[in-house]
Amino acid sequence: SMNTYNKLLEKRQIRVFVSSTFKDLHRERNFLMRRTFPKLQEEALKHGISITEMDLRWGITEDESKLGKVLQICLEEVDNSVPFFVGILGKRYGWIPTLNDINDQIIENAPQVKKYIENHISITEMEFLYGALEREENMNAIFFVTKDEPTIKDKSDEKLHKLREKVINNGQYPVFYYDSPEDISTQVETYFIKFFEKHFPIETRNAVDTELYSQYLHAKYLTANFIESVDYSQYINDWLASDDTTLLITGNSGIGKSTILAKWICENINQQSNNYIVIPQFIGYGGNHCSGEY
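Each chain carries its own residue numbering, running from 1 in the written order of its sequence. The predicted nature of this model means local features are confined to residues of pLDDT at least 70 and side-chain atom pairs, given and counted, to a pLDDT of 80 or more, with totals for whole chains, interfaces and linings taken over all residues. Only heavy atoms go into the side-chain values, all of them from the structure, while hydrogens and water stay out.

J.: Any chance you could break down the nonpolar core for me, citing the residues and the numbers?
T.: In this text, buried Ala, Val, Leu, Ile, Met, Phe, Trp, Tyr and Cys residues form a nonpolar core when linked through side-chain atoms within 4.5 Å. The rule is simple: take the accessible area with a 1.4 Å probe, protein chains only, and divide by the maximum for that residue type; under 20% is buried, over 50% is exposed, in between is partly exposed. Of all hydrophobic cores here, the largest spans 32 residues; its most connected members are L71, F85, V113 and F143. Helix and strand definitions follow DSSP, with helices as H or I runs of at least four residues and strands as E runs of at least two, each counted in order from the N terminus. Elements with a contribution of two residues or more to this core: helix 4 (70–81), strand 3 (84–89), helix 6 (112–118), helix 7 (123–133), strand 4 (140–146) and helix 8 (155–168). Ranked by the residues each element gives to this core, the list is headed by helix 7, at six residues. Residues are treated as being in contact if the distance between any of their heavy atoms lies within 4.5 Å. Setting aside its immediate chain neighbours within four residues, L71 contacts I102, I106, V113, I123 and M126.

This is the structure we're talking about:
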């Protein structure tokens, strides 16, 4: 676990896995994605780190859910986010996969999945167990259960009730009862801000360094979940080696122009051997909130 922390301190990048059922908790997850984490991202910058939430609802295609790859993707992302895990339990137990829904690779990577499948538990419960409750590492996990006790009408309600008890009595990680998305948001914010203060005390930097560093962290934030199909960095390097003075990267909004540049920035900003200086400036974004004005 110490090793995980050292890696984290070195990379200064926090990834948080958010686990819950989907259909019933849209509001809660949206609130975290649109309000809580952007606020934490701003707070993190003051501490010289970045924080990204892993919300897989956006990352899973319909084909993958049909192929049963969902579980594999979820568990890989849980691993990538160690030691951070947020679990939210509402009034639904969630989808219970069968052996037909998974491939052998999952069981190779996580042998306990076989036991999970045999016990007929939902993907959400698997994430809770695999992500925190049965993990050997000491995680930075935080759980939420809805204030209303769900009524037991069928087998999946019984399973939900049991999971609820398991979470409430886990004895290792904090558990909060929630009534609204705001309840969850407030606790998540408090929890991570305390973590920042403890592990990443604010260093005193001059304004220029702070702005440069925040731009660099924004670049890291943009590339955190980026999978590149083409090596665009090579194009940029070829341009730098050529005599052309101008490079224009253009495309529709949201296509990933900033992310392509961000990836190149992250790879090149600390290269001592370059005969150029990299100064990133994302327009409309800035640690000191004035960038959009120039």
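J.: With reference to specific residues and values, describe the pairing of strand 5 (residues 175–178).
T.: Two strands make a pair as long as DSSP finds a minimum of two bridges between them. Here strand 4 pairs with strand 5 via four bridges, running parallel. Bridge pairing in strand 5 places T146 opposite Y178. Handedness of a crossover is defined as follows: with both strands directed away from the viewer, a clockwise route from the first strand across the helix to the second makes it right-handed. Once the chain exits strand 4 it traverses helix 8 before rejoining the sheet at strand 5, and the crossover so formed is right-handed.

J.: I'd like to hear about the sheet that holds strand 4, residue by residue, with values.
T.: Taken in spatial order, the five strands of this open sheet run 2-1-3-4-5, and their pairing is parallel. With partners counted over all chains shown, the strands left at the sheet margins are strand 2 (50–54) and strand 5, one partner each. The average undirected angle you get between the axes of adjacent strands in this sheet is 20°. Sheet topology note: the strand 1 (residues 13–19)/strand 2 ladder contains five bridges and is parallel. Here, axes are lines fitted to C-alpha atoms. For helices the fit covers the stretch in contact, and angles between N-to-C directions go from 0 to 180 degrees.

J.: Which residues make up the packing of helix 11 (residues 232–241) against helix 12 (residues 257–268), and what values go with them?
T.: For any two helices packed against each other, the geometry comes down to the angle between their axes and how far apart the axes lie. One can describe the packing of helix 11 onto helix 12 by two numbers: an axis separation of 9 Å at closest approach and a directional angle of 70°. By the angle between their axes, helix 11 is roughly perpendicular relative to helix 12. Seen from above, helix 11 lies across helix 12 with right-handed handedness. Judged by residue contacts, Y232, S233, I236, N237 and L240 of helix 11 engage I260, L261, K263, W264, E267 and N268 from helix 12. Residues are grouped as follows: nonpolar covers Ala, Val, Leu, Ile, Met, Phe, Trp, Tyr, Cys and Pro; charged covers Asp, Glu, Lys and Arg; every other residue, Gly included, is treated as polar. For the contact of helix 11 with helix 12, the class distribution of residues is six nonpolar, three polar and two charged. Orientation labels follow simple angle bins: below 35 degrees gives roughly parallel, above 145 gives roughly antiparallel, 65 to 115 gives roughly perpendicular, and whatever is left gives oblique. Helix crossings get a hand from a simple test, with the near helix turned counterclockwise from the far one by less than a right angle marking a left-handed crossing and a clockwise turn marking a right-handed one.

J.: Please set out the packing of aromatic side chains residue by residue, giving values where relevant.
T.: Each aromatic pair joins two rings of Phe, Tyr and Trp (for Trp, the six-membered one) with centres within 6.5 Å, and gets the label stacked for planes under 30 degrees apart, edge-to-face for over 60, and tilted for any other angle. Overall, the coordinates contain 10 aromatic pairs when judged by the stated rule. With centroids separated by 5.9 Å and ring planes inclined at 15°, the aromatic side chains of F17 and F85 adopt a geometry described as stacked. Placement of F17 in strand 1 and of F85 in strand 3 is noted, with a sequence separation of 68 residues between them. Overall, the relative accessible area of 1% leaves F17 in the buried class. Ring pairs connect the aromatic residues F84, Y191, F192, F195 and F200, which therefore count as one cluster.

J.: Give a detailed account of the pattern of salt bridges, specifying residues and quantitative values.
T.: A side-chain nitrogen of Lys or Arg and a carboxyl oxygen of Asp or Glu constitute a salt bridge if their distance falls within 4 Å. Counted by the stated rule, this structure contains 12 salt bridges. The salt bridge partner of E77 is R15, with a shortest N-O separation of 2.9 Å. Placement of the pair is E77 in helix 4 and R15 in strand 1, with a sequence separation of 62 residues. E77 sits in the buried class, given a relative accessible area of 15%. Of the charged contacts in the structure, one is a salt bridge between E43 and K46, with a shortest N-O distance of 3.2 Å. Of this pair, E43 and K46 are both found in helix 2 (residues 26–46), three residues apart, which corresponds to roughly one turn of the helix. The exposure class assigned to K46 is partly exposed, which follows from its relative accessible area of 48%. Among the charged side chains, a network of salt bridges with common partners joins D79, R135 and E137.

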